[in-house]
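Descriptive structure summary
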Amino acid sequence: KWGLPNNLVMMLPHAQEGQGPEHSSARLERFLTLCADDNMIVCNPTNSEQYFHLLRRQAKQKNKKPLVILTPKSLLRMPEAKSVKEEFTAGKFNEIIDDNIDDKSKIKLVIVTSGKVYYDLVKYKNDNNRLDAAIIRLEQYYPYKNDMMKEILSSYKNASGVVWVQEEPLNMGAWNFIALRLKKDLSEWQKLFFVCREESASPAAGSMSKHIETQNDLLRRSFSNENNDLL
C-alpha cells in the first residue's frame, strides 16, 4: 500500500496428514487469489535442499516481497525429504522439479503435483510398478513459471494425459489457480485431468480412518483414467 519493500516470510502448516482440519490447511487458495502484479511468492518446497535455497534466495533478492511457505509437518522427519551436504553448497531453488527418468518415451501419464502428497504418489508408483508414469513437482505456485512447465511437459512425447493431483478438496487448494495456467502449457497431443477430494466445507476430515480411506482413493485415481475429471 505504501510502496515500502517487505521481505516477510510466513511458514504455515499445510498438508493432509489425518490430524484434523486445523492441522491440514493454511488456506493456500486465499493467498493465491491475492497473487497478481508479481506482488508475493507462494511456495511448497518438498525437501531440505529446496527449503534452504528458497530462504537464501529470499534473503538475497533485491526486490523485497513477502514469501508464503506451505510447510507439511511430516517432511520434518521424513528420510526421503533430506538432502546431502553438496546439495546445500551448490545448486539453487527450482520452481519446478521434473521426474528423474532416463527414457521419457516410455511415459504415458504425467502427474503434476505439489507438497507432501508427492511422496505418497511416488510410493504408490513404486509399489505398483508404474514405470509408465512420471511425477512433476510444482514447488512454486506464484510467480508461476509457464515457460519452464511448457518445456518439461513437451519432453513427454508419448504422454497424452497430464493429471493435476492435490490432496485438498476441489473447492480449495491450488486447482482453481493452476487450472487455466496449466492448460495453456500443454502440448497439442496432451489433455488435462484433475484428481482431488470432493468439495467440502471443511478442509479435512476429523477422523484418521476417513483420511486414510480418501487418501488411498485419491492415489488410486491419480494413476487411472477412472473418474478423472477432464478440463
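Now for a look at the structure at hand. (Residues numbered from 1 in each chain as written. Predicted model: local features only at pLDDT ≥ 70, side-chain atom pairs only at ≥ 80, totals over all residues. Heavy atoms only, no water.)

**What about the overall build of the protein?**
Scanning the protein from terminus to terminus reveals 8 helices and 10 strands. The C-alpha radius of gyration computed for the protein amounts to 17 Å, which stays within 12% of the reference 17 Å derived for 231 residues, consistent with globular compactness. C-alpha extents for the protein along the principal axes are approximately 50 × 40 × 35 Å. In the protein, which comprises 231 residues, the proportion classed as buried is 50%. Considering only residue pairs separated by 6 or more positions, the protein has 81% of its internal contacts joining residues 24 or more positions apart. Accessible area of the protein: about 12,200 Å², with a carbon and sulfur share of 52%. Where the 33 positive side-chain charges of the protein centre and where its 30 negative ones centre are 5 Å apart. (Helix = DSSP H or I, 4+ residues; strand = E, 2+ residues; numbered from the N terminus. Rg over C-alpha atoms; globule rule 2.2 N^0.38 Å. Buried < 20%, exposed > 50% of the residue type's maximum accessible area, 1.4 Å probe, protein only. Contact = heavy atoms within 4.5 Å. Areas by Shrake-Rupley, 256 points an atom, 1.4 Å probe, with all protein chains shown as cover. Lys, Arg positive; Asp, Glu negative; His and termini not counted. Charge placed at Lys NZ, Arg CZ, Asp CG, Glu CD.)

**Description of the sheet that holds strand β1 (residues 9–13)**
Read across the open sheet, the 4 strands follow the order β1-β3-β2-β7; overall the sheet is mixed. Pairing within the sheet leaves two strands with one partner each, and these edge strands are β1 and β7 (140–142). Adjacent strand axes in the sheet meet at a mean angle of 20° when their direction is disregarded. The sheet contact formed by strand β2 (residues 41–43) and strand β3 (residues 67–71) spans 3 bridges and is parallel. Bridge assignment links Cys43 to a residue of β3, and that residue is Ile69. Lying over the sheet, helix α3 (residues 48–60) contacts β1, β2, β3 and β7, oriented at roughly 165° with respect to β3. (Pairing = 2+ DSSP bridges. Axes fitted to C-alpha atoms, helices over the stretch in contact; angles between N-to-C directions.)

**So, the packing of helix α6 (residues 146–154) against helix α7 (residues 175–185)**
Running from N to C, α6 and α7 cross one another at 50°; their axes reach a closest spacing of 8 Å. Here α6 lies oblique to α7, going by the angle between them. In terms of crossing hand, the pair formed by α6 and α7 is right-handed. For the pair α6 and α7, contact is made by Asn146, Met149, Lys150 and Leu153 and by Leu182, Lys184 and Asp185, respectively. When its residues are assigned to classes, the contact of α6 with α7 shows 3 nonpolar, 1 polar and 3 charged. (Parallel < 35°, antiparallel > 145°, perpendicular 65-115°, else oblique. Left-handed = near helix turned anticlockwise from the far one by under 90°. Nonpolar A, V, L, I, M, F, W, Y, C, P; charged D, E, K, R; others polar.)

**What to know about the pattern of salt bridges**
The final tally for this structure, using the stated rule, is 11 salt bridges. A salt bridge links Asp98 to Lys104; the nearest nitrogen and oxygen atoms lie 2.5 Å apart. Among the ionic pairs, Asp132 bridges to Arg130, the shortest N-O distance being 2.8 Å. Overall, Asp132 belongs to the partly exposed group, its relative accessible area being 25%. Connected through shared salt-bridge partners, Lys116, Asp120 and Glu167 make up one network. (Salt bridge = Lys/Arg side-chain N within 4 Å of Asp/Glu carboxyl O.)

**Overview of α6**
Buried within α6 are the following residues: Met149, Ile152 and Leu153. One side of α6 carries all its buried residues, which in axial view fall inside an arc of 95°. What points out from α6, more than 90 degrees from its buried face, is the exposed set Asp147 and Glu151. Buried residues along α6 sit in contact with β4 (96–97), β5 (109–113), β6 (133–138), β8 (161–169) and α7. (Arc of directions from axis to C-beta.)

**A look at the packing of aromatic side chains**
Throughout the structure, instances matching the rule amount to 5 aromatic pairs. Ring centres of Tyr118 and Tyr119 lie 5.0 Å apart, and the angle between their planes is 75°; this geometry places the pair in the edge-to-face category. Owing to a relative accessible area of 12%, Tyr118 belongs among the buried residues under this scheme. For Arg137, the ring lying beneath its charged end belongs to Tyr118, and the centroid distance is 4.1 Å. (Phe/Tyr/Trp six-rings, centres within 6.5 Å; stacked < 30°, edge-to-face > 60°. Lys NZ or Arg CZ within 6 Å of the ring centre and 35° of its normal.)

So, to be careful, I would describe these as geometric facts and stop short of saying anything about function.
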